[in-house]
Amino acid sequence: MRLFRKIKKEAGEVDFGNLPRHIAIIMDGNGRWAKKRGLPRTAGHAEGAETFRTIATYCKDIGIEYLTVYAFSTENWKRPPDEVSAIMNLLEKYLYEAIERMERDRVKMKFFGDIEPLPPKLKKLIERTSEISTHYKGCQVNICLNYGGRDEILRAAKRCAENYAKGDSAAFSDEAFSKHLWSADIPDPDIIIRPGGEMRLSNFLLWQSAYSELYFTETLWPDFSKVDIDNAISWFQHRERRYGGV
Ligand code: IPE
Ligand code: IPE
Ligand code: MG
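Residues numbered from 1 in each chain as written. Chains lettered and ligands numbered in written order. Predicted model: local features only at pLDDT ≥ 70, side-chain atom pairs only at ≥ 80, totals over all residues. Heavy atoms only, no water.

Which parts of the structure should I look at to understand the overall build of the protein?
A count of helices and strands for the protein gives eight helices and six strands. In the protein, the order of α-helices and β-strands from amino to carboxyl end is α-β-α-α-β-α-β-α-β-α-α-β-β-α. Each principal axis of the C-alpha distribution contributes one length, and for the protein these read about 55 × 50 × 35 Å. The 246 residues of the protein split such that 47% are buried. Residue pairs in contact within the protein that sit at least 24 positions apart in sequence constitute 75% of those at least 6 positions apart. In the form shown here, the protein has an accessible surface area of approximately 13200 Å², with 52% of it arising from carbon and sulfur atoms. (Helix = DSSP H or I, 4+ residues; strand = E, 2+ residues; numbered from the N terminus. Buried < 20%, exposed > 50% of the residue type's maximum accessible area, 1.4 Å probe, protein only. Contact = heavy atoms within 4.5 Å. Areas by Shrake-Rupley, 256 points an atom, 1.4 Å probe, with all protein chains shown as cover.)

Got a minute to help me understand the site of ligand 2 in this structure?
Close to ligand 2 lie Ile26, Met27, Asp28, Tyr70, Ala71, Phe72, Asn76, Arg79, Arg194, Arg200 and Ser202, which account for all nearby residues. Taking asparagine 76, its side chain carries an N or O atom lying 2.9 Å from an oxygen atom of ligand 2. Taking arginine 79, its side chain carries an N or O atom lying 3.2 Å from an oxygen atom of ligand 2. If you tally residues by element for the shell around ligand 2, the top one is strand E2 (residues 66-73), at three residues. (Near = heavy atom within 4 Å. Polar contact = N/O pair within 3.5 Å; in protein donor to acceptor, adjacent residues only side chain to side chain.)

How do you make sense of the nonpolar core when you look at a structure like this?
Considering soluble globular proteins, one finds that nonpolar side chains tend to be buried as a cluster. Within the largest apolar cluster, 44 residues are counted, with the highest numbers of intra-cluster contacts made by Ile25, Phe52, Leu67, Ile193 and Ile229. No other element matches the seven residues that helix H4 (residues 81-105) contributes to this core. Other than its neighbours up to four places away in sequence, isoleucine 229 contacts Ile25, Ile55, Tyr58, Cys59, Ile193 and Phe224. If you look at the next biggest cluster of nonpolar residues, it comprises 11 residues, including Ile26, Cys144, Ile186 and Phe204. (Core = buried A, V, L, I, M, F, W, Y, C linked by side-chain atoms within 4.5 Å.)

Honestly, the packing of helix H3 (residues 41-62) against helix H8 (residues 226-236) in this entry has me stumped. Any pointers?
Packed helices, taken two at a time, are described by their axes: the angle between them and the distance between them. For the pair H3 and H8, interaxial distance at closest approach is 10 Å and the crossing angle is 50°. Our classification of the angle between H3 and H8 gives oblique. Two packed elements cross with a definite hand, and for H3 against H8 that hand is right-handed. Packed against H3, whose contacting residues are Thr54, Ile55, Tyr58, Cys59 and Ile62, the element H8 presents Lys226, Ile229, Asp230 and Ile233 at the interface. A per-class count over the contact of H3 with H8 returns six nonpolar, one polar and two charged. (Axes fitted to C-alpha atoms, helices over the stretch in contact; angles between N-to-C directions. Parallel < 35°, antiparallel > 145°, perpendicular 65-115°, else oblique. Left-handed = near helix turned anticlockwise from the far one by under 90°. Nonpolar A, V, L, I, M, F, W, Y, C, P; charged D, E, K, R; others polar.)

Help me understand the pairing of strand E5 (residues 191-194) in this model?
Residues in a regular strand point their side chains to alternate faces of the sheet. Side chains Ile191 and Ile193 of E5 all project onto a buried face; the interleaved residues Ile192 and Arg194 project onto the opposite face, where all are buried too. Where strand E1 (residues 22-26) lies against E5, three bridges are found, and the strand directions are parallel. Directly across from isoleucine 23, in E5, lies its bridge partner isoleucine 191. Of the pairings in the sheet, the one linking E5 to strand E6 (residues 213-216) comprises four bridges and is parallel in character. Bridged to isoleucine 192 within E6 is leucine 214. (Pairing = 2+ DSSP bridges.)

No statement about biological role is implied by the geometric values presented.
Next comes the structure, spelled out in structure tokens:
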């Protein structure tokens, strides 16, 4: 690890002693990646899953504390049923393999989003992965599945309203509200990375992104590499974060 850090440092880009604590990624561009190669969109999703494996491992190895990735949005159900079921099957395959590797990888996995509408087999794998994850302390990877920022905010607002009705006058504070989000207890993302060329959030972490640095790149997610994440981190390290101050 020491040698690795030294080599990276000499590349003069990332300051590994000053990393963002929480990186979030909108994993976009799988379909276009496949189209460019004359392949079905699902081939892009399969390649995107491999990229996720590589990037998550890299983030863990360099010492990122939290990685949150957008895998399937509340709006992605609008896609053709064949594509939706192919994505669900890939997620099953991914989690099945992840469970087998967990003892070695020791990555703590969490899931943001309502898993109820997901296929029963996938739901079971999610529950199993979450359960095993409670034993691990290292890098936490949050997978957003059937996740929508507005859905998350509405759920939290309902919980706050219930608590308010029960007499909790502080139920609507920033702090109390945050506790009802999927991301309760973890810091907001320092940087949100969106590959694929679109410059929008597409309903991702709407509450948590208030002061995140936003990094967009044309690179399609299946082509996204360790160099791309290094570039994003290095860019982040040159931002001046003011949080409304001077
Ligand atoms: C992101 O890639 C994966 C999901 C949304 C599930 P896309 O499938 O959106 O790829 P493009 O944007 O069509 O290229
Ligand atoms: C955002 O990508 C959702 C995920 C990456 C899971 P989309 O491809 O769904 O976003 P839009 O439709 O381009 O805004
Ligand atoms: Mg897309």
